[in-house]
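Coordinate inspection notes
What follows is each chain in one-letter form.
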Amino acid sequence: MKLIKIAYNWIGPAGPILNSEVPNILALACVTEQVNTTSRNFFAEGLWHSLFKDSPECQLSPAWALDNNDLFIYPLTLNCRISFDTYFQIDNGILEYAHVSNHILHHVRCSGGYFLIEHSAEAWVEDDHLSALHSYFNYLRIPLNKVIYVTGCMNTEVVYESYCQRNNIPNSPECRLNLVSFPISQHSIAIQLAIKSQDNVADIVYDPNLLPSKIFLSWNRRFRPHRSLLAVAMHKDGLLPKSYLSTLAMDPDQGRYSFRDSFPWGSASIFNLTSEDVNNFIEILPLDIDGETDINVLCGDVSGTTDKFYTDSLLSIITETNFDSLILTLTEKSFKQFKQKHPFILVSPAGSLRAMQALGFQTFSEFWSEDYDSITDANMRLVEIRRLCNEIALWDSAKIIDFKHRVKNIVDHNYQQVRISAGVVTALNIVNIVRKNTP
């Protein structure tokens, strides 16, 4: 079987440099002398290492050596700090900025080449994102089936099919992109745990006999309507004494934007919340758990300082970025608790638990109703989650200990499952697309 070549313009002893821009001296140093840098603009290309290096069907290759007989993928990684539209401006987009050669363009158009646009750190599959991709590659006369878009959205097929139907896009290969889900956060945690294993650091031990002092643990940084509504509701319901719950008074990125400014006042009545309830909650802000403010530490959760909060609480209430959306994302928030062996309730778009289960994780329908995952109306889904929190908050010590004994096999399973790199499955999906679409 012909190998699929993963093509890069610049390859050093430590691996390739991203194709997305012309490298400078610092980028070259990263892959020759293996210089470490914290700058997000200079790094060895992660896709070769994270997706394709361990695939027996893939081979690293210099872009200049490709010919008409080769099957190849030319990866282009997007930076989440740069506007999506910037990458796909007509005549001034990612291919122009990266100075992609006519040699590569010809083989993508006419033979066995594919562009891989990777943006797994985000789930940018809104209509304007998909339209930008369509317009840009159509303008360049590149068949859309020669473009693979790797995103953090976990229900790409549903979202993209809806987009195509609403925009009357024919169901033919040359008219449609290939979308692939890559849960990069699971992959990152797998790497963390692999390093931990190599360093002979002991695994987390789940003690079913330890009675925690709190029921709930919920980390919240940026304001989101569902986070604010649930936090005020938990305060009104008297659940805060049973919780580690963080909520800021002011937005960390917009200093003058307060919790009051962000609160979805129009939805308060649906949850039987009054202005007095909201004001009572605002009076106790900020709610801080661990005092950490560094965004990289918060997202990575690798310092070990948070371990005690997982040990001293029964379960996590994970308030994901998206909630009232068709687009289903599972960010680092959804995966961090796995490496802590912590049960969870997932406050996210409908179908999120099913997406978790599809990745091999087990959830908790044996212990409480997970019907909330199938409720498509966002308000009613949050109402059910609130009801569920109040139900669990009534558990006595005996029931908590019984639950911990019975749930141990699940949290141990999830801990082992999160150690499996999501890159293996994603690479296989991409390889299958290339083989299926190439005569």
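In this report, we go over the structure that sits alongside the text. (Residues numbered from 1 in each chain as written. Predicted model: local features only at pLDDT ≥ 70, side-chain atom pairs only at ≥ 80, totals over all residues. Heavy atoms only, no water.)

Right, let's talk about a nonpolar patch on the surface for a bit. On the surface, I270, M380 and V383 cluster together into a nonpolar patch covering about 230 Å² of accessible area. On the secondary structure map, M380 appears in helix α16 (residues 378-392). With relative accessibility at 41%, the residue M380 sits in the partly exposed group. (Patch = residues over 30% accessible without salt bridge, like charges linked within 9 Å, V, L, I, M, F, W, Y side chains within 5 Å. Areas by Shrake-Rupley, 256 points an atom, 1.4 Å probe, with all protein chains shown as cover. Salt bridge = Lys/Arg side-chain N within 4 Å of Asp/Glu carboxyl O. Helix = DSSP H or I, 4+ residues; strand = E, 2+ residues; numbered from the N terminus. Buried < 20%, exposed > 50% of the residue type's maximum accessible area, 1.4 Å probe, protein only.)

Turning our attention to the side chain of T77. Note on placement: T77 falls in strand β5 (residues 71-77). For T77, a relative accessible area of 12% puts it in the buried group. A polar contact is formed between the side chain of T77 and the side chain of E118, at a distance of 3.3 Å. (Polar contact = N/O pair within 3.5 Å; in protein donor to acceptor, adjacent residues only side chain to side chain.)

Quick look at the packing of aromatic side chains now. Per the stated rule, a full pass over the model turns up 28 aromatic pairs. Where F259 meets F281, the ring centres are 5.3 Å apart and the plane angle is 50 degrees; that geometry is what we call tilted. Taken together, the residues span a long stretch of sequence, with F259 in helix α10 (residues 259-262) and F281 in helix α11 (residues 275-283) at a distance of 22 residues. This pair shows no difference in class: F259 is buried, exactly as F281 is. Put simply, the rings of Y74, F84, Y87, F88, F115, W124, Y136, F137 and Y149 pair up and form one aromatic cluster. The positively charged end of K146 is found above the aromatic ring belonging to Y114, 5.0 Å away from the centroid. For the cation-ring pair, R381 lies above F323, with the distance from its terminal atom to the ring centre recorded as 4.3 Å. (Phe/Tyr/Trp six-rings, centres within 6.5 Å; stacked < 30°, edge-to-face > 60°. Lys NZ or Arg CZ within 6 Å of the ring centre and 35° of its normal.)

This part covers unusual backbone geometry. For the peptide bond that leads from L285 to P286, omega is 5 degrees, which places it in the cis range. With respect to the helices and strands, P286 occurs in the loop between α11 and α12 (295-300). A positive phi angle, close to 75 degrees, is found at D91, a residue other than glycine. Its identity as a non-glycine residue notwithstanding, N200 has a phi of 60 degrees, on the positive side. A relative accessible area of 69% places N200 in the exposed class.

A word on the layout of surface pockets. If you add up the space inside the second largest pocket, you get close to 1,000 Å³. In this structure, the second largest pocket is lined by 35 residues; those nearest its centre are T156, E157, L179, V180 and I433. For the lining of the second largest pocket, the element with the highest residue contribution is helix α18 (residues 422-437), accounting for 8 residues. For the lining of the second largest pocket, the per-class residue count stands at 16 nonpolar, 14 polar and 5 charged. (1 Å grid on protein atoms, 1.4 Å probe; cavity = no way out; pocket = protein on both sides within 12 Å on 5 of 7 lines; lining within 4 Å. Points joined across faces, edges and corners; volume = space filled by probe spheres on them. Nonpolar A, V, L, I, M, F, W, Y, C, P; charged D, E, K, R; others polar.)

Between the first and last C-alpha of helix α17 (residues 397-417) there are 29 Å, a value that for 21 residues agrees with the 30 Å anticipated at 1.5 Å per step. Where α17 bends most, the angle comes to about 45 degrees, and this point is V407. When α17 is considered as a whole, its buried residues turn out to be I400, F403, K404, V407, I410, V411, D412, N414, Y415 and Q417. Turning to α17, the residues buried within the fold contact α8 (184-198), β9 (214-218) and β11 (313-319). (Expected span 1.5 Å × (residues − 1). Bend = angle between axes of the 7 residues up to and from the residue. Contact = heavy atoms within 4.5 Å.)

By the secondary structure assignment, K333 is in helix α14 (residues 332-335). A C-alpha to C-alpha distance of 21 Å links K333 and V425, two positions 92 residues apart in sequence. Not counting residues up to four positions away in its chain, the partners in contact with K333 are R227, I318, T319, E320 and T321. Within the structure, the side chain of K333 is placed 3.5 Å from the side chain of E332, a separation counted as a polar contact.

A few words now on empty space enclosed by the protein. Across all of its chains, the model carries 2 cavities of 30 Å³ or more by this definition. A volume near 60 Å³ is recorded for the largest cavity. Lining the largest cavity, in full, are N220, R221, R222, F223, R224, R227, S228, A231, T247 and F259. Per element, the largest residue contribution to the lining of the largest cavity is 3 residues, and it comes from helix α9 (residues 225-236). Counted by class, the lining of the largest cavity contains 3 nonpolar, 3 polar and 4 charged residues. As a volume, the second largest cavity reaches approximately 40 Å³. Along the walls of the second largest cavity sit Q337, F338, K341, H342, P343, F344, F364, V411 and N414, which together make up its complete lining.

The subject of this paragraph is the sheet that holds β9. If you walk across this open sheet you meet the 4 strands as β10-β9-β11-β12, and the pairing is parallel. Each end of this open sheet is capped by a strand with a single partner; those strands are β10 (243-245) and β12 (344-347). Averaged over all pairs of adjacent strands, the angle between their axes in this sheet comes to 20 degrees, without regard to strand direction. Here 3 bridges tie β9 to β10, and the two strands are oriented parallel to one another. Within β10, the residue paired with S218 across the bridge is L245. (Pairing = 2+ DSSP bridges. Axes fitted to C-alpha atoms, helices over the stretch in contact; angles between N-to-C directions.)

Within strand β7 (residues 147-151), 5 of the 5 residues are buried, which leaves the element mostly enclosed by the surrounding structure. Side chains V147, Y149 and T151 of β7 all project onto a buried face; the interleaved residues I148 and V150 project onto the opposite face, where all are buried too. Where the polypeptide runs from strand β6 (residues 113-119) across helix α6 (residues 127-139) and back to β7, its parallel neighbour, the crossover connection is right-handed. Taken together, the 4 bridges between β7 and strand β8 (residues 178-181) define a ladder with parallel strand orientation. From the neighbouring strand, T151 faces β8, where its bridge partner is S181. What joins β7 to β8 is helix α7 (residues 156-166), and the crossover it makes is right-handed. (Right-handed = clockwise from strand over helix to strand, strands pointing away.)

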